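The lines below spell out each chain.
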Protein chains: 2
Amino acid sequence: MYDFIIIGGGCSGLPAAMYGTRLGMKTLTLAELPGGLITTTHLVENWPGIKSISGPDLAISLMEHATASGAEIKSERVTNIEKVENSDGQTIFKVKTGSNEYEGKTIMIATGTKHRKLGVPGEKELENKGVSYCALCDGAFFSEKTVCVVGGGDSAAKEALFLSKHANKVYIVVRKDILRAEPANAERIEKNDKIEILYKTEIEEILGAEKVEKVKFKDGKEMPMDAVFMAIGHIAQTDLAKELGVELNEKGEIKINRRSETNIPGVFAAGDCCDTGFKQAITGAAEGVTASYYAYHRVDLNAYF
Amino acid sequence: MYDFIIIGGGCSGLPAAMYGTRLGMKTLTLAELPGGLITTTHLVENWPGIKSISGPDLAISLMEHATASGAEIKSERVTNIEKVENSDGQTIFKVKTGSNEYEGKTIMIATGTKHRKLGVPGEKELENKGVSYCALCDGAFFSEKTVCVVGGGDSAAKEALFLSKHANKVYIVVRKDILRAEPANAERIEKNDKIEILYKTEIEEILGAEKVEKVKFKDGKEMPMDAVFMAIGHIAQTDLAKELGVELNEKGEIKINRRSETNIPGVFAAGDCCDTGFKQAITGAAEGVTASYYAYHRVDLNAYF
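Residues numbered from 1 in each chain as written. Chains lettered and ligands numbered in written order. Predicted model: local features only at pLDDT ≥ 70, side-chain atom pairs only at ≥ 80, totals over all residues. Heavy atoms only, no water.

1. Considerations on the nonpolar core
- Residues A:Trp47, A:Met108, B:Trp47 and B:Met108 are the most contacted members of the largest nonpolar core, which totals 113 residues.
- Apart from the residues within four sequence positions on either side, A:Trp47 is in contact with A:Cys11, A:Leu58, A:Leu62, A:Ala281, A:Ile282, A:Ala285, B:Met18, B:Trp47, B:Pro48 and B:His65. (Core = buried A, V, L, I, M, F, W, Y, C linked by side-chain atoms within 4.5 Å. Buried < 20%, exposed > 50% of the residue type's maximum accessible area, 1.4 Å probe, protein only. Contact = heavy atoms within 4.5 Å.)

2. Describing the interface of chain A and chain B
- In this complex, chain A contributes 48 residues to the contact, which on the side of chain B involves 47 residues.
- Note on chain A versus chain B: buried area summed over both sides is about 4500 Å², and carbon and sulfur give 59% of it.
- For the pair chain A and chain B, the number of links is 4 salt bridges.
- The salt bridge involving A:Glu45 is made with B:Arg22; its shortest N-O contact spans 3.5 Å.
- Listing elements by their share of the side of chain A that touches chain B, those giving two or more residues are helix 1 (13-22), helix 2 (55-68), helix 3 (135-138), helix 4 (154-163), helix 5 (183-191) and helix 7 (281-304) of chain A.
- It is helix 7 of chain A that provides the largest number of residues to the side of chain A that touches chain B, a total of 13 residues.
- Of the residues assigned to the side of chain A that touches chain B, the class counts are 25 nonpolar, 11 polar and 12 charged. (Buried area = accessible area lost by both parts, 1.4 Å probe. Salt bridge = Lys/Arg side-chain N within 4 Å of Asp/Glu carboxyl O. Helix = DSSP H or I, 4+ residues; strand = E, 2+ residues; numbered from the N terminus. Nonpolar A, V, L, I, M, F, W, Y, C, P; charged D, E, K, R; others polar.)

3. Quick word on the state of the cysteines
Residues and elements named next belong to chain A.
- If you walk through the whole model with that rule in mind, you get 0 disulfides over all chains.
- With no disulfide of its own, Cys148 lies closest to Cys134 among cysteine sulfurs, the gap being 16 Å.
- Take Cys148: its relative accessible area is 0%, and that puts it in the buried class. (Disulfide = S-S within 2.5 Å.)

4. Concerning empty space enclosed by the protein
- In this structure the tally under the stated criterion is 1 cavity of 30 Å³ or more.
- There is about 290 Å³ of room inside the largest cavity.
- Lining the largest cavity are 19 residues, with A:Arg258, A:Ala286, A:Glu287, B:Arg258 and B:Glu287 positioned closest to its centre.
- Residue assignment for the lining of the largest cavity shows that the elements contributing at least two residues are helix 7 of chain A together with helix 7 (281-304) of chain B.
- For the lining of the largest cavity, a count of residues per class yields 5 nonpolar, 10 polar and 4 charged. (1 Å grid on protein atoms, 1.4 Å probe; cavity = no way out; pocket = protein on both sides within 12 Å on 5 of 7 lines; lining within 4 Å. Points joined across faces, edges and corners; volume = space filled by probe spheres on them.)

5. Things to note about the relation of the copies chain A and chain B
- Overlaying chain A with chain B gives an RMSD of 0.1 Å, the required rotation being 180° about an axis along which the chain moves by 0.0 Å. What the superposition gives is, in effect, a two-fold axis relating one chain to the other.
- Taken together, the interface assignments show that 98% of the residues at the interface of chain A recur at the interface of chain B, consistent with an identical surface on both copies. (Least-squares fit on C-alpha atoms with pLDDT ≥ 70 in both.)

6. Digging into the pattern of salt bridges
Residues and elements named next belong to chain A.
- Counting across every chain of the model gives 34 salt bridges over all chains.
- Note that Glu82 and Lys96 form a salt bridge whose closest N and O atoms lie 3.3 Å from each other. Placement of Glu82 in strand 4 (residues 78-85) and of Lys96 in strand 5 (residues 91-97) is noted, with a sequence separation of 14 residues between them.
- Taking relative accessible area as the criterion, Lys96 reaches 28% and is therefore assigned partly exposed.

7. Points about the domain arrangement of chain A
Residues and elements named next belong to chain A.
- When the domains of chain A are assigned, the result is domain 1 (2-114 + 234-299) and domain 2 (117-230).
- With 7 residues of domain 1 at the contact, the number on the domain 2 side is 5 residues.
- Linking domain 1 with domain 2 are 0 salt bridges, by the criterion used here.
- Residues that form the side of domain 1 that touches domain 2 fall into these classes: 2 nonpolar, 4 polar and 1 charged. (Domains from an automatic or database assignment.)

8. Some words on helix 2 (residues 55-68) of chain B
Residues and elements named next belong to chain B.
- Taking 1.5 Å as the rise per residue, helix 2 with 14 residues should run 20 Å; its terminal C-alpha atoms sit 20 Å apart, in good agreement.
- Taken residue by residue, helix 2 has Gly55, Leu58, Ala59, Ser61, Leu62, His65 and Ala66 as its buried positions. Buried residues of helix 2 fall within an arc of 160° about the axis and therefore sit on the same side.
- The N-cap of helix 2, judged by a side-chain oxygen 3.0 Å from the amide nitrogen of Asp57 a few residues on, is Ser54.
- Trailing helix 2 by a residue or two, Gly70 shows a phi angle of about 105°, which is positive. (Expected span 1.5 Å × (residues − 1). Arc of directions from axis to C-beta. Polar contact = N/O pair within 3.5 Å; in protein donor to acceptor, adjacent residues only side chain to side chain.)

And the structure:
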């Protein structure tokens with residue numbers, strides 16, 4: 001019986017594992033992708049205290065910190081979580097993976113998100129070589145360059161506005177004939193000389209040898225391009241949570257409070273799969289750490305009463 | 001005119017400064033104590049990603065990260081903050097220091113706390129040499145040792161329970177004849193063989209050459225001791241906030257929401273001076289970063305409308 005089972009081994013799960021073990025809880029971390037989504041980022045410059053580090057190296061640091069604290073991390077994919085009552089009438093959670101079943105007094109769901117992919121040739125091959133899913137992360141690398149943002153929503157608008165601070169030219173590639181931006185952002189884009197919207201336009205292929213060089217549109221035209229930023233959304237990986245009965249918001253994100261608690265006592269959540277407005281590695285880490293603390297309180301209560 | 005003025009240069013202020021400048025805001029950080037309270041901690045082992053670092057070194061890392069991002073940090077003590085309307089009818093904040101006055105479109109208050117001191121001889125001299133204000137931070141250094149916790153509230157009870165996982169013997173030194181612990185914690189203490197409560201007892205002096213060796217009580221008795229943990233409270237440094245009209249809770253802490261917003265639009269707060277339940281360096285950093293993001297949104301709105 002574990003005190004605390006963490007599902008997800010990214011920037012939220014690993015710090016939670018470190019704190020959980022420091023607090024004396026028997027803590028298990030089940031990490032399908034050890035290190036999480038940050039491992040797909042080539043350069044992280046906004047983890048406070050570390051000026052510049054590769055995504056994989058940051059993941060390794062968090063992993064080593066957790067294991068040095070005594071954390072038990074298993075590379076298993078969770079397939080199901082069940083809430084049951086044990087023989088003492090206490091609520092516990094059964095966490096099933098492909099090969100095992102674990103029992104925990106508390107759990108934390110930190111299963112992150114997936115970037116929605118455009119699904120065109122060149123996208124996968126040139127990821128981190130000009131194809132990016134995060135303007136805030138990578139925008140500064142394209143100072144004075146020509147870039148485009150793919151997407152028709154407010155996210156695309158915001159990404160373009162942010163990129164215009166760095167790039168010389170920013171195209172927004174919109175499939176339909178309308179950019180569904182918030183009025184404030186729409187007006188800003190209109191006033192911004194660097195930004196140009198390409199309506200009714202779809203990318204057919206992203207081309208380049210070592211890095212993005214140009215894009216080819218469905219009408220056959222080609223355009224030189226240094227970077228392609230995808231702003232077509234994220235998918236919160238919350239199927240496990242939903243099946244367990246955890247409350248989600250309209251975007252499918254787990255609703256948490258400032259204690260990282262969900263609607264189910266004993267079930268915590270942290271990081272990108274949650275309804276936090278500004279999702280960063282550091283905010284996810286703090287949510288994970290906070291979850292550990294309140295899990296510790298709950299476990300301690302269970303232990304004594 | 002600054003976009004974002006950060007008052008406080010600790011673990012919340014410095015990451016906020018780093019993010020603020022990265023987001024393109026003209027950001028000023030006013031730090032009375034550059035590095036903040038963490039500089040008084042000899043060893044930090046719970047900043048995710050860094051297994052072990054001295055408090056001052058962590059502060060330097062955060063400082064260097066902020067300045068490398070372009071942050072402007074001044075070592076000035078803020079004496080007053082005023083909310084005024086400028087000639088365009090926009091709310092701005094005048095931040096006065098001993099020697100200057102600055103104007104900001106948004107501000108963040110991250111003025112931290114002070115540990116309440118016992119005020120006995122030896123306390124200051126042996127701080128970090130056995131005298132500690134944080135069991136969670138320093139408890140593990142006293143494995144198998146004899147320690148005491150000074151305090152009569154639930155904090156003292158919780159600190160003692162936590163310390164009993166490491167130390168061989170934990171005394172709780174209580175001035176009155178009652179320990180005001182939550183029932184759950186009181187019961188746990190009763191069942192815990194390692195913990196002993198010394199009622200109607202007050203420390204007169206903490207003794208030791210290089211480190212804590214013993215304590216002397218007011219009744220003249222002496223007791224060998226390896227560490228003295230003070231659990232007599234923190235004082236949130238929120239006078240500036242209060243004078244500005246920022247809403248505080250019953251403990252005098254600034255009330256913030258998940259966006260690090262206070263009750264006054266444009267005034268954000270982060271870190272130990274806030275009403276967050278579990279205050280850690282990493283949670284303060286996340287609150288600071290979050291404040292930067294929402295300040296950026298507000299400034300951007302001001303700029304365009």
